[in-house]
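A look at the structure
Below are the chains, spelled out letter by letter.
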Protein chains: 2
Amino acid sequence: MTLLSRLRAELAPEQLITDRQRLRTYECDGLAHYKVVPAVVVLPRSAAQVAAVVRACAEERVPFVARGSGTGLSGGALPHADGVLIVTSQLRDILAVRPEDERAVVQPGVINLQVTQAATPHGYYYAPDPSSQQICSIGGNVAENSGGAHCLKYGFTTNHVTGLQVVTPDGDLVRLGGAAPDTPGYDLLGAFVGSEGTLGVATEVTVRLTRLPETVRTLLAAFPSTDQAGAATSAIIAAGVVPAAIEMMDALSIEAAEAAVHCGYPAGAGAVLIVELDGPAAEVDAQFDEVSRLCTDNGAFETRVAADDTERQLIWRGRKSAFAAVGRISPDYIVQDGVIPRTALPTVLRRINEVAADHGVRVANVFHAGDGNLHPLVLFDDDVPGEAGRAETVSGAILDLCIEHGGSITGEHGVGVDKARYMPRMFTDDDLDTMQLVRCAFDPDGIANPGKVFPTPRLCGERPGRHRGAPPLQEAGVAEVF
Amino acid sequence: MTLLSRLRAELAPEQLITDRQRLRTYECDGLAHYKVVPAVVVLPRSAAQVAAVVRACAEERVPFVARGSGTGLSGGALPHADGVLIVTSQLRDILAVRPEDERAVVQPGVINLQVTQAATPHGYYYAPDPSSQQICSIGGNVAENSGGAHCLKYGFTTNHVTGLQVVTPDGDLVRLGGAAPDTPGYDLLGAFVGSEGTLGVATEVTVRLTRLPETVRTLLAAFPSTDQAGAATSAIIAAGVVPAAIEMMDALSIEAAEAAVHCGYPAGAGAVLIVELDGPAAEVDAQFDEVSRLCTDNGAFETRVAADDTERQLIWRGRKSAFAAVGRISPDYIVQDGVIPRTALPTVLRRINEVAADHGVRVANVFHAGDGNLHPLVLFDDDVPGEAGRAETVSGAILDLCIEHGGSITGEHGVGVDKARYMPRMFTDDDLDTMQLVRCAFDPDGIANPGKVFPTPRLCGERPGRHRGAPPLQEAGVAEVF
């Protein structure tokens with residue numbers, strides 16, 4: 001029986017897409033310059049259907065790729081040309097909201113913001129907030145261990161997922177973690193979150209809900225340069241304040257945001273910081289004065305406090321629209337994602353500008369300053385010969401700068417297909433082999449999202465190392481070796 | 001070459017113990033009713049020596065067990081009679097304290113409290129605080145994912161370890177994680193922390209340092225019963241306050257602590273709560289009044305506030321001495337460790353008392369109420385025939401109660417050798433198989449701490465599931481199946 005006839009037996013006709021024209025809808029995710037049309041798309045409606053599809057793939061040895069809303073920026077949900085694309089958009093039920101345990105249980109296709117909307121009437125919300133939170137799915141967040149502006153204080157997706165039901169690459173339904181903060185045995189929950197679809201497909205997600213803060217206060221500070229804004233960021237953290245968010249935008253991204261959404265940021269700023277504090281009113285008020293003073297001490301020429309929710313929304317609108325707004329000032333751009341130690345911010349930002357100038361390329365910087373997570377936007381015009389290549393060069397050089405300063409090649413967008421080639425710059429062969437051992441344990445045939453995360457495919461079934469084919473311990477006469 | 005001659009080549013004579021009398025020193029860890037004398041003990045002084053020892057074990061197929069200070073309470077460091085015990089006590093250097101990055105780098109034999117002592121002059125401390133923090137090692141904390149009274153607010157060891165250098169069971173030195181909050185690829189760091197020595201030996205640990213709080217305030221509240229103390233605990237959490245710690249002791253443990261350290265808790269209490277708040281003074285003061293009121297509202301007949309550090313120490317002395325103090329009122333006792341949802345506290349405590357009464361056994365309860373982590377102390381006299389057996393029965397029944405109420409068989413002491421038999425009560429065969437896949441990936445010969453965590457050994461080299469011996473993907477003509 002071919003795979004297709006097996007899928008037809010498991011799914012209703014409208015859950016199976018094989019028409020070439022309709023398949024093209026799924027040819028890319030948010031990183032649109034990689035495009036692959038999948039062989040077939042399935043739209044399962046239950047965990048059991050996901051398991052049946054994966055089991056069929058395993059038995060027929062066909063690759064599969066899972067996809068949530070397709071907003072990822074590293075090509076993690078790029079389809080396989082000979083494989084099945086498992087789209088989770090029909091798995092969109094919120095199964096439980098339990099404020100008394102601070103938990104919600106949702107299907108993977110549920111939209112990030114819907115979790116918060118379901119929890120708000122109970123006084124809670126779901127803390128991880130990617131910029132795409134209005135459309136991205138919880139399943140995609142789990143795959144990519146997504147971050148967001150408020151992850152500085154609250155942590156990434158991995159800190160907010162306490163349990164998963166997943167389909168392993170051989171089609172078994174297993175549970176990892178649970179409602180409790182920790183469970184015995186290996187923390188495979190942690191290993192699964194952020195594994196970018198290479199260890200299986202999440203079919204149910206138990207998330208931690210966070211209490212809505214009593215108070216939220218937001219400040220916009222304008223600085224002559226990114227150097228001074230970076231110094232203010234370090235000073236705030238060094239003072240022991242943990243803001244909910246510290247975001248930075250440089251002059252070029254301010255210009256773009258202004259053109260797009262008229263956010264009215266102070267004119268002539270070389271950089272702005274958005275600092276948000278939340279928590280008990282007594283704490284927030286005390287810390288807010290300190291943050292404001294530290295900005296001024298470090299060169300802010302204007303600080304502006306949101307008087308109400310409307311003003312707060314206006315401050316955030318500039319930041320949240322920044323990626324898209326860059327389209328106003330450049331026909332094409334690469335969104336880069338790297339991490340550096342916070343203390344290296346001024347140095348690395350200067351170096352990025354130097355590298356960009358050397359190649360005649362403009363770079364706009366919009367990023368999570370508080371945790372050193374850079375998002376340089378490398379601008380180019382694809383119609384001008386050579387520009388795309390120069391932009392690609394600068395974008396790669398930025399990652400090298402991040403590694404050189406003790407950082408990482410991705411903060412929250414993942415490795416996916418796009419950055420697999422950079423993995424050997426961060427990890428030794430032994431490090432990568434150790435990860436591959438785990439991949440092979442889950443997926444010996446390499447059918448779960450192949451081509452992602454790792455730079456070179458690895459044949460499973462044989463370990464690297466020194467004692468291949470050693471007999472089992474009990475046959476080796478262990479007691480006699482002394 | 002036998003293992004012993006290989007070890008002699010790698011280590012100085014004083015780093016190798018083979019004398020039977022001296023080997024007996026290492027026959028158990030903190031769970032002293034399991035005793036096994038190891039075949040040999042090694043005391044490595046560098047990561048390279050640990051790697052050399054493990055590589056020799058791998059090549060000679062000899063089991064090894066790593067041991068820190070030996071304070072564990074689940075027998076996780078119980079030696080193997082035919083194996084090597086790797087004692088990390090000579091790996092005791094603090095390699096770096098970097099307050100500007102909020103990190104310290106230490107060797108595994110460093111004592112938990114020493115990290116705090118090294119960080120305090122910089123305004124920082126190491127948050128996870130097992131009761132044994134004056135003697136337990138960071139390496140042991142990593143193996144067991146240790147908790148402590150203040151883990152309610154600050155999280156477990158896994159939340160405070162950002163990077164590890166480990167020796168894998170084939171003797172490779174690899175790095176997992178780093179100084180940044182998240183790294184690309186699989187989160188094997190998270191899987192390693194709490195793997196109880198079955199995935200390798202940590203040789204260097206990068207920990208997160210936490211800023212010393214501006215203020216700490218401690219309250220002791222006495223209640224007529226554990227029901228009321230449990231209700232107060234739920235009310236405090238429901239109010240959105242996250243205390244640094246909420247600890248509960250029942251009448252029997254208060255009696256024991258009083259006899260041992262004269263802590264002067266209010267007379268006639270059926271239960272006491274110790275609630276500690278820390279953070280900015282403005283926040284702590286506001287919340288402290290609320291906590292005090294919630295205790296009174298829920299039936300506290302006396303609340304006492306520590307006026308200074310001496311009074312604070314006195315309040316904590318009763319709690320921290322409680323395990324040992326029980327020796328004053330009973331010749332023998334089992335320290336149990338289970339977790340339940342906080343909201344189930346009153347019910348489960350009542351059921352524990354019923355089960356204990358049914359078997360004519362006394363149970364003292366001392367525990368981390370805030371996160372539902374129970375530590376029932378089951379008292380018995382080994383000299384009275386039948387008592388040990390009845391205590392064992394009650395102790396096991398307590399774990400069943402935890403599972404029945406949606407909890408877990410261990411909160412912070414680990415599975416080790418003691419609770420491996422309970423794992424099938426929490427996990428399905430598929431769940432356990434998935435964990436075993438990872439164990440086999442790291443350790444196909446089963447030489448890393450064998451007999452721990454899992455109820456039954458598993459032969460590696462063959463996967464469970466449906467497609468054994470399937471040919472590699474690329475030979476299977478994937479593109480043709482449609």
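Every value quoted in this text rests on a predicted model; they were computed, and no experiment measured them.

This part takes up the interface of chain B and chain A. With 84 residues of chain B at the contact, the number on the chain A side is 83 residues. One can count zero salt bridges joining chain B with chain A. Elements supplying a minimum of two residues to the side of chain B that touches chain A: helix H1 (3-10), helix H3 (47-60), strand E9 (173-177), helix H7 (188-192), helix H10 (281-297), helix H15 (423-426) and helix H16 (429-442) of chain B. When residues of the side of chain B that touches chain A are assigned to their parent elements, the largest contribution, nine residues, is made by H16 of chain B. Taken together, the residues that form the side of chain B that touches chain A break down as 45 nonpolar, 18 polar and 21 charged.

A few words on helix H13 (residues 345-358) of chain B. Residue and element names in this part refer to chain B. If you check H13, its first and last C-alpha atoms are 20 Å apart, about what 14 residues at 1.5 Å a residue would give, namely 20 Å. Listing the buried residues of H13 in full gives Leu345, Pro346, Val348, Leu349, Ile352, Val355 and Ala356. Contacts made by the buried residues of H13 are with helix H8 (226-238), strand E13 (245-250), strand E18 (363-368), strand E19 (373-374), strand E20 (376-380) and helix H14 (387-404).

Residue and element names in this part refer to chain B. Pairing is antiparallel across the open sheet formed by five strands, whose spatial order is E5-E6-E10-E8-E9. Edge positions in the sheet fall to strand E5 (94-98) and E9, since each has one partner strand and no second. In this sheet, adjacent strand axes meet at a mean angle of 10° when their direction is disregarded. With six bridges joining them, strand E8 (residues 161-167) and strand E10 (residues 201-208) adopt antiparallel strand pairing. Bridged to Gly163 within E10 is Thr206. Contacting E8, E9 and E10, H3 runs over the sheet at an angle of about 50° to E8. In this fold helix H4 (residues 112-119) packs onto E5, strand E6 (103-106) and E10, with an angle of close to 45° to the strand it touches most, E5.

Attention shifts here to the nonpolar core. Core analysis: the largest hydrophobic core is formed by 74 residues, its most contacted members being Val115, Val161 and Leu164 of chain A together with Leu164 of chain B. In contact with Leu164 of chain B, not counting residues within four places along its chain, are Val142, Val174, Arg175, Leu176, Leu189, Phe192, Val193, Ala202, Glu204 and Val205 of chain B. The next biggest cluster of nonpolar side chains, apart from the first, holds 43 residues, and it includes Ala221, Phe223, Leu273 and Ala391 of chain A.

So, about the packing of H13 of chain B against H14 of chain B. Residue and element names in this part refer to chain B. Remark: H13 packs on H14, axes separated minimally by 10 Å, with the N-to-C direction vectors making an angle of 150°. Of the possible angle classes, the one that applies to H13 and H14 is roughly antiparallel. Between H13 and H14 lies a crossing whose hand is right-handed. For the pair formed by H13 and H14, the contact residues are Arg351, Ile352, Val355 and Ala356 on the first element and Val394, Ala397, Ile398 and Leu401 on the second. Partitioning the contact of H13 with H14 into residue classes produces seven nonpolar, no polar and one charged.

So, about the side chain of Arg67 of chain A. All names here are of chain A. Mapped onto the fold, Arg67 is located in strand E3 (residues 64-67). At 6.5 Å, Asp29 is the nearest oppositely charged side chain to Arg67, a buried residue that forms no salt bridge. The contacts of Arg67, once residues within four sequence positions are left out, are Tyr26, Cys28, Asp29, Ala77, Leu85, Ile86, Val87 and Thr88.

Okay, the relation of the copies chain B and chain A next. Expressed as a screw operation, the relation of chain B to chain A combines 0.0 Å of axial shift with a rotation of 180°, fitting to an RMSD of 0.0 Å. One copy is carried onto the other by what is essentially a two-fold rotation axis.

Let us look at the packing of aromatic side chains. As enumerated under the stated definition, the model contains four aromatic pairs over all chains in all. Summarising the aromatic geometry, the rings of Tyr125 of chain A and Tyr154 of chain A are spaced 6.3 Å apart at their centres and angled 85° between planes, so their arrangement reads as edge-to-face. Pair noted here: Tyr125 of chain A is in strand E7 (residues 124-125) and Tyr154 of chain A is in helix H6 (residues 151-154), with a separation of 29 residues, a long-range link. Here Tyr125 of chain A and Tyr154 of chain A have matching classes, each one buried. Relative to Tyr186 of chain B, the ring of Phe454 of chain A lies with its centre 5.5 Å away and its plane at 70°, an arrangement referred to as edge-to-face. Within this pair, whereas Phe454 of chain A is found in the segment after helix H16 (429-442), its partner Tyr186 of chain B is found in the loop between E9 and H7, the two belonging to separate chains. Each member of the pair, Phe454 of chain A as well as Tyr186 of chain B, is classed as buried. A cation over an aromatic ring shows up here: Arg217 of chain B above the ring of Phe288 of chain B, its NZ or CZ 4.2 Å from the ring centre.

Residues and elements named next belong to chain A. Pairing within the open sheet is mixed, and its four strands lie in the order E1-E2-E4-E3. Every interior strand has two partners, whereas the edge strands, strand E1 (16-17) and E3, have only one. Sheet analysis places strand E2 (residues 40-42) next to strand E4 (residues 84-87), joined by three bridges and oriented parallel. Opposite Val40, over in E4, you have Val84 as the bridge partner. On the sheet, helix H1 (residues 3-10) packs against E1, E2 and E4 and is oriented at approximately 20° with respect to E2. Its contacts with the sheet place helix H3 (residues 47-60) against E2, E3 and E4, and it is angled at close to 165° to E4.

Here the focus is the pattern of salt bridges. The tally for this structure, following the rule as stated, stands at 34 salt bridges over all chains. Where Arg175 of chain A meets Glu204 of chain A, a salt bridge forms, and the shortest distance between an N and an O atom there is 3.3 Å. Taken together, the residues Arg175 of chain A in strand E9 (residues 173-177) and Glu204 of chain A in strand E10 (residues 201-208) connect sequence positions 29 residues apart. Among the residues examined, Glu204 of chain A registers a relative accessible area of 16% and is labelled buried. The salt bridge partner of Arg304 of chain B is Glu302 of chain B, with a shortest N-O separation of 3.2 Å. With relative accessibility at 29%, the residue Arg304 of chain B sits in the partly exposed group. Looking at Glu302 of chain B, the relative accessible area reads 31%, which means it is partly exposed.

Here chain A is described as being made up of domain 1 (3-87), domain 2 (94-211) and domain 3 (215-404). On a C-alpha basis, the centres of domain 1 of chain A and domain 3 of chain A stand 37 Å from each other.

Cut-off values and rules
Each chain has its residues counted from 1, running along the sequence as written. Chains and ligands are labelled sequentially in the order written, the chains with letters from A and the ligands with numbers from 1. Residues qualify for local features only when their pLDDT is at least 70, as the model is predicted, and side-chain atom pairs are given and counted only at 80 or more; totals for whole chains, interfaces and linings, by contrast, use all residues. Each side-chain value is derived from all of the structure's non-hydrogen atoms; neither hydrogens nor water enter the calculation. Whether two residues touch is decided by their heavy atoms; if any such pair falls within 4.5 Å, the residues are in contact. Any carboxyl oxygen of Asp or Glu within 4 Å of a side-chain nitrogen of Lys or Arg constitutes a salt bridge here. In DSSP terms, a helix is any run of H or I states spanning at least four residues, a strand is any run of E spanning at least two, and both are numbered starting from the N terminus. Gly falls in the polar group here, along with every residue not listed as nonpolar (Ala, Val, Leu, Ile, Met, Phe, Trp, Tyr, Cys, Pro) or charged (Asp, Glu, Lys, Arg). Here the expected length of a helix is defined as 1.5 Å per residue gap, with one fewer gap than residues. Only protein chains enter the calculation, and the probe is 1.4 Å; a residue is then buried if its accessible area is under 20% of its type maximum, exposed if over 50%, and partly exposed in between. When DSSP finds two or more bridges between two strands, those strands count as paired. The axes used here are C-alpha line fits, helices contributing only the stretch in contact, and every angle between their N-to-C directions lies in the interval 0 to 180 degrees. Definition of nonpolar core: a set of buried residues of the types Ala, Val, Leu, Ile, Met, Phe, Trp, Tyr and Cys, connected through side-chain atoms within 4.5 Å. Working definition: roughly parallel below 35 degrees, roughly antiparallel above 145 degrees, roughly perpendicular at 65 to 115 degrees, and oblique for all remaining angles. When the near helix sits turned anticlockwise from the far one by under a right angle, the crossing is termed left-handed; a clockwise turn instead gives a right-handed crossing. We score Asp and Glu as negative and Lys and Arg as positive, and we do not count His or the chain ends. Least-squares fitting of one copy onto the other uses the C-alpha atoms of those residues that reach a pLDDT of at least 70 in both copies. A pair of aromatic rings is counted whenever rings of Phe, Tyr or Trp (Trp by its six-membered ring) have centres within 6.5 Å, and the orientation is called stacked for planes under 30 degrees apart, edge-to-face for over 60 and tilted otherwise. To sit over a ring, a charge needs its Lys NZ or Arg CZ within 6 Å of the ring centre and within 35 degrees of the ring normal. Note that domain bounds follow an automatic or database assignment of domains.

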